[in-house]
Structure formats: structure tokens, C-alpha cells
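Examining the three-dimensional arrangement
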Amino acid sequence: MKNIAKKKKMYIKTYGCQMNVYDSDKMLDLMIPHGFVEEKDFKDADLIILNTCHIREKAAEKVYSDLGRIVPIKKKAMKSGRKIKIVVAGCVAQAEGREIIKRQPAVDIVVGPQTYHKLPEFLFNSDKVSKSVVHTEFPVESKFDEIKINRILNNPVSFLSIQEGCNKFCSFCVVPYTRGAEYSRPGLDVLEEAKSLIKKGAKEICLLGQNVNAYHGQVGNKLWTLSRLIKEIAEIEGLRRIRYTTSHPSDMDEELIKAHGEVGALMPYLHLPVQSGDDDVLKSMNRKYTVETYKTIIEKLRTVCPDIALSSDFIVGFPGESDKAFDKTIKLVKEINFSQAYSFKYSRRPGTPGSIMKRQVSEKIKSKRLLALQKILNDQQLFFNMSFLNSKLEVLLERKGKYKNQLLGRSPYMQAIHVTDPSIALGQFIDVTIAEATKNSLRGNLIAINKRGMN
Ligand code: SAH
Ligand code: SF4
Ligand code: F3S
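Remember, it's a predicted structure, so these values are computed and weren't measured experimentally.

Okay, the environment of glycine 180 next. If you trace the backbone, glycine 180 turns up in the loop between α8 (175-178) and β9 (183-184). On the accessibility criterion, glycine 180 (8% relative accessible area) is buried. Through-space distance from the C-alpha of glycine 180 to that of asparagine 167 is 8.0 Å; in sequence the pair is 13 residues apart. With sequence-adjacent residues up to four places away left out, glycine 180 is seen in contact with Phe138, Gly165, Cys166 and Val175.

Once that is clear, we can look at the site of ligand 2. Close contacts around ligand 2 come from Cys166, Lys168, Phe169, Cys170, Phe172, Cys173, Val175, Pro176, Asn211, His248 and Arg287, and that covers them all. Among the residues making up the shell around ligand 2, the classes are represented as seven nonpolar, two polar and two charged.

All right, on to the site of ligand 3 then. Lining the immediate surroundings of ligand 3 are Cys17, Asn20, Thr52, Cys53, His54, Ile55, Cys91, Arg179 and Gln210. Residues of the shell around ligand 3, tallied by class, amount to four nonpolar, four polar and one charged.

The subject of this paragraph is the pattern of salt bridges. All told, the structure shown has 30 salt bridges when counted by the stated rule. Between lysine 13 and aspartate 66 there is a salt bridge, and its shortest N-O distance comes to 2.7 Å. Here lysine 13, found in strand β1 (residues 8-14), pairs with aspartate 66, found in helix α3 (residues 57-79); they are 53 residues apart in sequence, far enough to count as distant. A residue is classified by how much of its surface remains accessible, and lysine 13, at 22% relative accessible area, is partly exposed.

Attention shifts here to the sheet that holds strand β21 (residues 441-450). Spatially, β17-β18-β19-β21-β20 is the arrangement adopted by the five strands of the closed barrel, whose pairing is mixed. Recorded for the sheet is a direction-independent mean angle of 50 degrees between the axes of neighbouring strands. Across eight bridges, the pairing between strand β20 (residues 429-437) and β21 is antiparallel. Each residue of the ladder has a partner; that of isoleucine 430, found in β21, is isoleucine 449.

To continue, consider α3. Along its 23 residues, α3 runs 34 Å from first to last C-alpha, staying within 8% of the 33 Å computed at 1.5 Å per residue. The sharpest bend along α3 reaches about 25 degrees and sits at glycine 68, with the proline proline 72 one to four residues further on. Of the positions making up α3, those classed as buried are Ala60, Val63, Tyr64, Asp66, Leu67, Ile70, Val71, Lys74 and Ala77. Of the surrounding secondary structure, the elements contacted by the buried residues of α3 are β1, β3 (47-52), β4 (85-89), α4 (90-96) and α5 (98-103). Looking one or two places after α3, you find glycine 81, whose phi comes out positive at around 85 degrees.

Bringing the domain arrangement of the chain into the picture now. Domain boundaries assigned for the chain yield domain 1 (8-141), domain 2 (152-267), domain 3 (294-387) and domain 4 (392-453). Placing a centre on the C-alpha atoms of domain 3 and another on those of domain 4 gives a separation of 30 Å. In this complex, domain 3 contributes nine residues to the contact, which on the side of domain 4 involves nine residues. Here domain 3 packs against domain 4, burying approximately 740 Å² in sum over the two surfaces, 52% of which is carbon and sulfur. Put simply, domain 3 and domain 4 have zero salt bridges between them. Put simply, domain 3 and domain 4 have five residue pairs in polar contact (both at pLDDT 80 or more) between them.

Cut-offs and rules
- Residues numbered from 1 in each chain as written.
- Chains lettered and ligands numbered in written order.
- Predicted model: local features only at pLDDT ≥ 70, side-chain atom pairs only at ≥ 80, totals over all residues.
- Heavy atoms only, no water.
- Helix = DSSP H or I, 4+ residues; strand = E, 2+ residues; numbered from the N terminus.
- Buried < 20%, exposed > 50% of the residue type's maximum accessible area, 1.4 Å probe, protein only.
- Contact = heavy atoms within 4.5 Å.
- Near = heavy atom within 4 Å.
- Nonpolar A, V, L, I, M, F, W, Y, C, P; charged D, E, K, R; others polar.
- Salt bridge = Lys/Arg side-chain N within 4 Å of Asp/Glu carboxyl O.
- Pairing = 2+ DSSP bridges.
- Axes fitted to C-alpha atoms, helices over the stretch in contact; angles between N-to-C directions.
- Expected span 1.5 Å × (residues − 1).
- Bend = angle between axes of the 7 residues up to and from the residue.
- Domains from an automatic or database assignment.
- Buried area = accessible area lost by both parts, 1.4 Å probe.
- Polar contact = N/O pair within 3.5 Å; in protein donor to acceptor, adjacent residues only side chain to side chain.

Written out as C-alpha cells, the structure reads:
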């Protein structure tokens, strides 16, 4: 009891992509040996970490509005002798560095995505100095060496970062600046982490990277591609599902496409951002593929894996996007038929080539186009889900639901499914009949608990 009373509370809020989710888990793992426990309410925390995203203006501004709510809590606590530390981590930290402290002097530490493994050390030092500090160097290898140790797992689905950074420099995107140059972790390190996750109960692993299919991890004097790595991981006993995200169309090599037909554990789902259906826009975005190339990749994927569900990202209103160009995006969406997708209004990011391009599109037109695109994407998602009504799907149960005996999981196609039954438990694979389908989720009735998935 005495020990528990001494524990410090840590609150962490994650913005942005799955890489940030992975990093937040790691920050928690790093702090636990130093006497911290996770706290869900920032008002009760001794340490508040905001793990931020810089991808669009709104995401970055959200951090400052959240800080606006957190800082008064810190000031109030100080008056009663309680110390709260505020850390801004992630991509806004990397991009804005000292600017954050200028805008919010109550922030104690600013730490970029490549240096957060030193967080315990930074926090310990900041106890000794009263000044705020900024750490935004880029020593990638040492970060992965540091964080591969203590991995805690409380979910049968686990993210595993295998690649970080990006060399592609799409003209709209901040990632190459915030995450740095492309780096792939050595193959055997990844394999070791995968084995350890599976030993701890992971049944599904999602391999992560900003450009995950550009993976080329060193093993001896060879380089493993993503397809090779997937095949190695698929051999580990106890693993049932593999996914990977986010891929770039230009790195969808033949072997990786073939793997979708050969590797049983590789799920029939792929998120492959196309961004636009117009070749001139793609060129000016510096995407380095054409609409035709994208369509060919999809065709090949559907040949080896006919039921593959496809997801994508779209940007509307990129500079120079005419009505005609936008229509081509709509045409592509209709041709491919996505199971789900993310779509965004173009956001001008300082320092990127797109932000200074001529023929910027007005907010009004961006909003109009986004609405039109989302209408079609939403319909496609709903039709996709409805096509499973009365059929059988396998679900891996990942989370508790809102109601008694309700658990949530995902189908092989990434659909969220909720099931209410007193005999089911987290971590199980179950077969269900789909009784209800909406755009965002399915409701399943239990047919059987699938024993194959139980360790
Ligand atoms: N590496 C991935 C995407 C990473 S960012 C890829 O190459 O596809 C996730 C998504 O955010 C992008 O696919 C893009 O659709 C969107 N995005 C990135 N920068 C943006 C910007 N400036 N404005 C609007 N959306 C943007
Ligand atoms: Fe950004 Fe393009 Fe790299 Fe994706 S490939 S992270 S969109 S620069
Ligand atoms: Fe955002 Fe950084 Fe991910 S900018 S999308 S958190 S890589």
C-alpha cells in the first residue's frame, strides 16, 4: 500500500497517427519504472504529456487550445504546493521547438519524436533547473535501441514501429521535416520485438511506418523488404493477423502484392493513400505515380486477393485543383469502390512547397468538394458494411464496449464489430453472424468461440 501511495500520475494525450499512438505507449513504458502510473484525467496528473501532430493547421492549433486549459491547472496546483510538469512531445514539438515555450512559458519540456526515449533523464534534470528545455535532435537508432526493452501490453492488437521518417517530400506534407529521413529498423530487432509481443499475448500485429512499404531493414549484409519481414513474422507461433500501414503506391512492389495472396495471416485490407484522381495534381503534389499506376496496383491486388478491402486518403483543394481535376477524383473513387477512406481539405503548412504555390483554392470551394467526396465515400462504406448482413465474420475482441457483456473487435477487413454475450472475453477470436450494419460499425451475434486463437 505504501508503495502505491508514492506513485506519480502521468496523463498522456495522443494526437495524429498510429506512430504517435505507438510512441505514447512507449513513453508510458519508459516512465513506469520511474514510479509513474497512467492517469486518465489531466486535472489529477503530476505529469502531463501532449504527444502532438503537425499534419494540418487544425491539429497543431488544437495543442495550444489544450494547453490553454492545462496551464491554469498547473498554476493553481503550484499555489497549493503541488508541482505539475507539462511536456509537449511529437511533431508540433519538432516543428515549432522553442516557439511553443514562447507562446506558453508554463511548458517545461519540448521533446521531438526522435528524442523522447530520454524523457526520464530530461524530467529528472528539469527538477534541478527552472528553465524550460527543448530537445529536438535526430538520433534515430539510439531511440529504437532504448525503447525496445520494456514493452507493456494490454491489448491483443499491437502496433510495432518498423520504419520511421520519409524521403518522399510530397509538396503538401510536413512529415519529412518533423520525422526526418527514412530509417528502417534492423530486421532481427523487429522480429525480436514481434516475438516478445506475441509471448505477452498479441494476436494481431500492425507494422507501422510513415512509409512502411519502403522498409529495407538490415539483416547481416542483406536487406529485408517488407514482404520478407511479413513472411518471417507470419511464421511466429501464436500470431494470427498481420497488417501494415501507411503505404505509398510507389513502393507497392510485386513481392508485397503477391504476399497478399500467399500469406494467410496478412489480412485482406490495405490502406493505400492516393490523394487525388488527377495526374496534374498528383504531379504537383510530387506523388510520383499516375492514376493509371494506382489503378494497376489495385487490379493486381484484387487478382491475388479478390476480397481485399481498400482504404485511402484524399486531399481536396490542393493548389491548382480545378473542377475538372476534382471530378477525376470522384471518378476514381467510383471506379475503385473503397471500404473506407479519410479525406481532408488541403491545409497550407509553413515550409512546404505547396504553401507557396500559386492558384490556392478558396475555403468555400474546398468545403464544397470535401462534402461531395465524403458523400460518395460514406455511401461506399455503408454499402460495404451492408454487404455483410447475415453473413459470418471472424472478430478479434480488442476492447470493452459501453454496455454490460459488450466487447468490440475488428473483422479481417478492419470493420469495427460489437458483440454482446456473457460467454466472450477479450483476446478471443469469435465467429459472428452480422445482424446490423451502419457506416461505422457492425453488430454481430455470437456463433462460436474460435479455439484456434486461444493461447
Ligand atoms: N505517408 C502517408 C501519409 C501520411 S500523412 C502517405 O504517403 O500517404 C496522412 C494523410 O494526411 C495524408 O495521406 C494526407 O492525405 C493528409 N495530409 C498530409 N498533409 C496534409 C495537408 N497539408 N493538408 C491536408 N491533408 C494532409
Ligand atoms: Fe508525407 Fe508524402 Fe512522406 Fe507520406 S510519402 S509521409 S504524404 S511526404
Ligand atoms: Fe501527425 Fe506527425 Fe503522425 S505530423 S500524422 S503525428 S507523423
